[in-house]
Each structure stands twice: as structure tokens, then as C-alpha cells.
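# Descriptive analysis of the structure
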Amino acid sequence: MAQTMTVSQTEEGTRLLRWFLRHFPSMPQRDFYRLCRGGQIRVNSSRVRGNEVLRAGDLVRIPPTLGNFTTPPPPRATGGNLFSLADLEALRQCIIHDDDDIVVFNKPAGLAVQGGTGIRKSVDKMAAAMYPYAKISLVHRLDRETSGVLVVAKTQMAAQKLARAFQDKTTHKEYLALLAGHVSVPRGTIDNYLIKGAVVDSPARINGGPRPQRAVTDYHVLGAAGNMTWVAFTPQTGRTHQLRLHSALCLHAPIVGDALYGDGRHVDPAVASVVGTRHLFLFAHKITFQHPTTGRLMTMRAVVPEFMMPVLKLLEFPIPE
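What comes next is a walk through the structure. Fair warning: this is a prediction, and the values are worked out from it, not measured in the lab. (Residues numbered from 1 in each chain as written. Predicted model: local features only at pLDDT ≥ 70, side-chain atom pairs only at ≥ 80, totals over all residues. Heavy atoms only, no water.)

## With respect to the packing of aromatic side chains
Across all of its chains, the model carries six aromatic pairs by this definition. A centroid spacing of 5.4 Å and a plane angle of 55 degrees characterise the contact between Phe 20 and Phe 32, whose relative ring orientation is tilted. Of this pair, Phe 20 sits in helix 1 (residues 16-23) while Phe 32 sits in helix 2 (residues 29-37), and the two are 12 residues apart along the sequence. For the residue pair Phe 20 and Phe 32, the accessibility class agrees, reading buried in each case. Their ring planes at 0 degrees and their centres at 6.5 Å tell us that Trp 230 and Phe 317 sit as a pair that is stacked. (Phe/Tyr/Trp six-rings, centres within 6.5 Å; stacked < 30°, edge-to-face > 60°. Helix = DSSP H or I, 4+ residues; strand = E, 2+ residues; numbered from the N terminus. Buried < 20%, exposed > 50% of the residue type's maximum accessible area, 1.4 Å probe, protein only.)

## Some remarks on the pattern of salt bridges
Going through the model one piece at a time under the given rule, you end up with eight salt bridges. Among the ionic pairs, Arg 34 bridges to Asp 31, the shortest N-O distance being 3.9 Å. Placement of the pair is Arg 34 and Asp 31 together in helix 2, with a separation of three residues, close to one helical turn. Note on Asp 31: relative accessible area 18%, which makes it buried. When the shortest N-O distance is used, the salt bridge between Glu 89 and Arg 92 registers 3.5 Å. Taken together, the residues span about one helical turn, with Glu 89 and Arg 92 both in helix 3 (residues 85-92) at a distance of three residues. Using a relative accessible area of 36% as the deciding quantity, one classes Glu 89 as partly exposed. A relative accessible area of 22% places Arg 92 in the partly exposed class. The network of salt bridges with shared partners includes Asp 143, Glu 145, Arg 244 and Asp 258. (Salt bridge = Lys/Arg side-chain N within 4 Å of Asp/Glu carboxyl O.)

## Digging into the environment of Cys 250
Residue placement: Cys 250 occurs in helix 6 (residues 242-250). Judged by its relative accessible area of 23%, Cys 250 falls in the partly exposed class. In this view, Cys 250 contacts Ile 190, Asn 192, Val 199 and Leu 245; residues no more than four positions away in its chain are not counted. (Contact = heavy atoms within 4.5 Å.)

## A word on the layout of surface pockets
Of the volumes computed, that of the largest pocket is approximately 700 Å³. Looking at the largest pocket, it is lined by 26 residues, and the ones nearest its centre are Arg 141, Lys 173, Thr 237, Gly 238 and Arg 239. Going through the elements one at a time, helix 5 (156-167), strand 9 (172-180), strand 13 (228-235) and helix 6 are the ones with two or more residues in the lining of the largest pocket. (1 Å grid on protein atoms, 1.4 Å probe; cavity = no way out; pocket = protein on both sides within 12 Å on 5 of 7 lines; lining within 4 Å. Points joined across faces, edges and corners; volume = space filled by probe spheres on them.)

## Considerations on the environment of Ile 102
Locating Ile 102 in the fold gives a position in strand 6 (residues 102-107). Owing to a relative accessible area of 0%, Ile 102 belongs among the buried residues under this scheme. Sequence separation of Ile 102 and Pro 203 is 101 residues, and the distance between their C-alpha atoms is 36 Å.

## Digging into empty space enclosed by the protein
Per the stated rule, a full pass over the model turns up one cavity of 30 Å³ or more. Empty space within the largest cavity amounts to approximately 40 Å³. In terms of lining residues, the largest cavity is bounded by His 140, Leu 142, Val 149, Lys 173, Glu 174, Tyr 175, Ala 284, His 285, Lys 286 and Ile 287. A total of four residues in the lining of the largest cavity trace back to one element, the largest contributor, which is strand 14 (residues 282-290). Of the residues that constitute the lining of the largest cavity, the class distribution is five nonpolar, two polar and three charged. (Nonpolar A, V, L, I, M, F, W, Y, C, P; charged D, E, K, R; others polar.)

Purely geometric stuff here, so don't read any function into it on its own.
Next up, the structure:
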């Protein structure tokens, strides 16, 4: 007897063929198209051709013959990773956008983007478990402590195009940060060089060491209260810890919660009692890029993390949607 399955919110935007291959991976594509032609596979009771884009809540008719094909087992931790099904569901709730080519997360603070030695939970490994039949590839990075928008490719073609876009600086990223200090110039551009956690003015090597890398950041102040400053950053380059270094060493106002480049002594006492967290107050708010397949210009936004909200409300700083 035929059954129906409901398309979940996180599966919205998936084409019908790929949806079936995720749920019934051993089914040959020729059988899928044969069942479509015969009207055995339907969406919302309507006949299909197989390339339809699904929407959340769609009802997909599953013919009884598909019982012969295996259904993929639920994702589980492998290879020394220690994430659980609950961890995967928590990350699934962070999805901003999902289609055949990309998935965009609002990455939580404290979650590593890339797995490695000593890292048990990471976005790349967890995304690979969530999408076992996709080719998950990272195309840009966020520090573990930084929250916000993270774009992940699901195909090799998407990965190549997006990686090139990030390298060519055709994407536009905006970060928001709460700084412990007063920024005297409300708008400007920081243009210098970074090397081993330090800022220098020249690209020259020191004692034959590595060459410093140019780092460029545009910024503008969104609000100020006491010695706390709410700032929007637009990085033109993507150096390691660029915004954290530029805040602490160039604006002389480290990002709140930055244990590496700030000591916490500059945080307003009235604010310190509300912060109540060791999270870094640096947030990747939005990113604009061309979709790797459609070419459509997309802007992905993430909501401000909950741990920031009490402080922003206390200081009456503008909270972006």
C-alpha cells in the first residue's frame, strides 16, 4: 500500500530526485523515472517528472515497491567524533537556507567549523552526517568563538565557484561586535599588516621570517554608551583573527569576551554583571554572494545570538533583524 512522506523544513528547496536518493539510496535512477512516468510517485497528488523543487509540507507519495530499497540509517558519530543525534538536530535548527548546492548555517559560538586533532564536534563533520549523499566542502571560515552566517557547499561545482568568489572578494560580509572601549573616529578603514598575532605597518620580513599579510577592514560605529561601543565591520581581506586584532590593537577597544587579545578589565562594570558569559561578542551578521548555480544575488542574514541580547538591550544599541 502506498504511503506518503512529508517534506521537512530543512529539506525545502531540494529537487525531487535528490530527495528520493537521500531517503532510498539504493534505488536506481531509471526506476525512479519509471515510477514518475507511471504516476506512482506524486507530490501533493499531482503527477511529476522528477525535477520538481520541493517545499516544506509537500506530501510525497511513496509507492509500495520502494520497500525493496534500503532507507539510510540515521546519522551517527564516526571516526572519533563525539557528536550525537541531539547535536545534529541542534545544528539543523540553525539552518538559514538549504538547497541542492549549498546550506547556510547560523553557527553557534563555541562550535568549530573544521574538524581536527582534539576537535570532537565541527560543522564540516556534522554537516557530512546530515547530508550523507552530498559532497560537503567549506568555502570560508569562522573562528570557533565567532557566531553567525556560515556558507557550506554541497557539491564540488558549488565549492569551486564559491571558493573562487571568496578569493576574488566578490562576496560582501558584515560583522557586528561589542567593543570594550571608546572608538574616537566613528567611521574609517584600517589598512595594515598582520603577522603572528601582531600588527605591523610594513610587509617586510623580520629577520628572514614569514612575510606579513595585508589586512583591510572598514568599520563604522552603530552606537556608544559609556566605554562600550557597538560596531559594524566589513572586512576586505580574510586574515586569521583580523577583526579581533584590529579591534584590540588599532581601535584600542578589544571585543568583549576576547580572552586572547583583551583582558576584560575595560568592560563597563554595569555591563559586566549582565554579560555573564565567556562567549566572544563578535557576530557574522550577513553575507551577500552569487548563488553558484542560478547566479542570483543572495543575502543571508543571521539573528543576533541570545547571549548578546541582554547587553544590547541594556545599552539601548540597535539590534538588526
